[in-house]
Amino acid sequence: RKGTVIITGASSGLGLATAKALAETGEWHVIMACRNFLKAEKAAKSVGITKESYSVMHLDLASLESVRQFADTFRRSGRPLDALVCNAAVYLPTAKEPTYTAEGFELTVGTNHLGHFLLARLLLDDLKQSDYPYKRLIIVGSITGNTNTLAGNVPPKANLGDLRGLAGGLNGIQSSAMIDGGDFDGAKAYKDSKVCNMLTMQEFHRRYNEETGITFASLYPGCIATTGLFREHIPLFRLLFPPFQKYITKGYVSEEEAGGRLAQVVSDPSLTKSGVYWSWNKNSESFENQLSKEASDAEKARKLWEVSEKLVGLA
Ligand code: NDP
């Protein structure tokens, strides 16, 4: 049978390119989990994904209610779940003030981390039940949260501190809108959310890999400087960022290539190691990359897991 993969945020950029790459193998049915149904349908058509190889299901990660509904709807579809890709993200580098999810969490961390955390927890049982030879839960990470890299050292740097803002509800009222309790900074919130994504993947691995046989992995697909992720950035940045990445840092990858990399992590029989953060070298060969001290801090991962459980109503 075909495998079934859910990809969040498959309506543009990396998610769309990955959906296309997996659909084209003929081995996968792609569930595009998107907040904008029409946009997702159009996107699938525009890149030529054939009708029988995808379905769009509504998911707004900025609403925990929507996440729960999505999990129910998926279950009622009767499809098995063989792979889940947590890919969607928002990045609000120029925002002066925080904005919030339906439940009142700062939008960046609320969407990128908390929404995905609940989704992955709810769908874990479905993955567990799959009889597919490999079952995988992939959470897209980034270099920007990794302070052991050059890109990760561009200020403001990721730093979750002692999680006091998150523990306080991340709502800008009783607590700060930032995980570490500091002043709001949209670029930092994005980097923090990516550290959460990488910590969450490792905590899943520690808690569930042995018991379930599920592969948990994260990756940095390269700098895909042309995606919608940078849509909120100032025009000059959007103009100069792609050539800067292409010619100066040489970290640039096309959406197509990055989609191929994520598709590899989802379906390549040789990439089944769990707990790994994948990256690609100059020759486009995958390797197990090192995470920064904070992004591999097991104690912080455990604490983040427990605080997140409370916020999304699982504990
Ligand atoms: P895009 O902005 O092109 O794609 C982001 C996707 O997330 C869109 O489909 C968007 O939906 C979706 N999304 C945003 N908010 C929500 C929500 N509340 N509910 C459901 N879906 C939502 O960016 P990229 O493709 O670049 O980003 C994809 C992933 O890659 C992210 O995890 C990002 O952190 C990561 N990444 C990107 C890099 C890059 O250089 N671009 C580098 C490293 C990592 P909609 O179409 O409706 O807006």
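In case you missed it, the structure is sitting above this.
No experiment lies behind these values; they were computed from the predicted model shown.

**Topic: the nonpolar core**
Ranked by size, the top nonpolar core spans 59 residues in total, and within it Ile6, Phe70, Leu84, Leu123 and Leu137 carry the most contacts. Breaking this core down by element, the ones donating at least two residues are β2 (28–34), α3 (64–76), β4 (83–86), α4 (107–129), β5 (136–140), α6 (186–212) and α9 (298–311). The dominant element in this core, judged by the number of residues it contributes, is α4, at 10 residues. Residues within four places of Phe70 in sequence aside, it is in contact with Ile6, Ile31, Ala33, Met57, His58, Leu59, Leu119 and Leu123. Listed in part, the 36 residues of the second largest apolar core include Trp28, Ala83, Leu219 and Ile224.

**Considering helix α2 (residues 37–46)**
Listed as buried for α2 are Ala40, Ala43 and Ala44. Buried residues of α2 fall within an arc of 100° about the axis and therefore sit on the same side. Seen from the open side of α2, the exposed residues pointing more than 90 degrees away from its buried face are Leu38, Lys42, Lys45 and Ser46. Turning to α2, the residues buried within the fold contact α1 (13–24), β2 and β3 (54–58). Where α2 terminates, the next one or two residues include Gly48, which has phi positive at roughly 80°.

**Digging into the layout of surface pockets**
To find the voids left in a structure, one rolls a probe of water-molecule size over its atoms. When its volume is computed, the second largest pocket comes out at roughly 180 Å³. The wall of the second largest pocket is formed by Gln202, His205, Arg206, Gly275, Val276, Tyr277, Glu288, Asn289, Gln290, Leu291 and Ser296. Contributing elements (two or more residues each) for the lining of the second largest pocket: α6 and β7 (276–280). Ranked by the residues each element gives to the lining of the second largest pocket, the list is headed by α6, at three residues. Here the residues of the lining of the second largest pocket are counted per class, giving three nonpolar, six polar and two charged.

**Structural notes on empty space enclosed by the protein**
Inspection of every chain in the model, using the stated rule, returns one cavity of 30 Å³ or more. Here the largest cavity defines a volume of roughly 40 Å³. As for the largest cavity, its lining consists of Asn112, His113, His116, Phe117, Ala120, Ile139, Cys196, Asn197, Thr200 and Phe204. Per-element accounting of the lining of the largest cavity gives the leading share, five residues, to α4. Partitioned by chemical class, the residues of the lining of the largest cavity number five nonpolar, five polar and no charged.

Rules and cut-offs
Residues numbered from 1 in each chain as written. Predicted model: local features only at pLDDT ≥ 70, side-chain atom pairs only at ≥ 80, totals over all residues. Heavy atoms only, no water. Core = buried A, V, L, I, M, F, W, Y, C linked by side-chain atoms within 4.5 Å. Buried < 20%, exposed > 50% of the residue type's maximum accessible area, 1.4 Å probe, protein only. Helix = DSSP H or I, 4+ residues; strand = E, 2+ residues; numbered from the N terminus. Contact = heavy atoms within 4.5 Å. Arc of directions from axis to C-beta. 1 Å grid on protein atoms, 1.4 Å probe; cavity = no way out; pocket = protein on both sides within 12 Å on 5 of 7 lines; lining within 4 Å. Points joined across faces, edges and corners; volume = space filled by probe spheres on them. Nonpolar A, V, L, I, M, F, W, Y, C, P; charged D, E, K, R; others polar.

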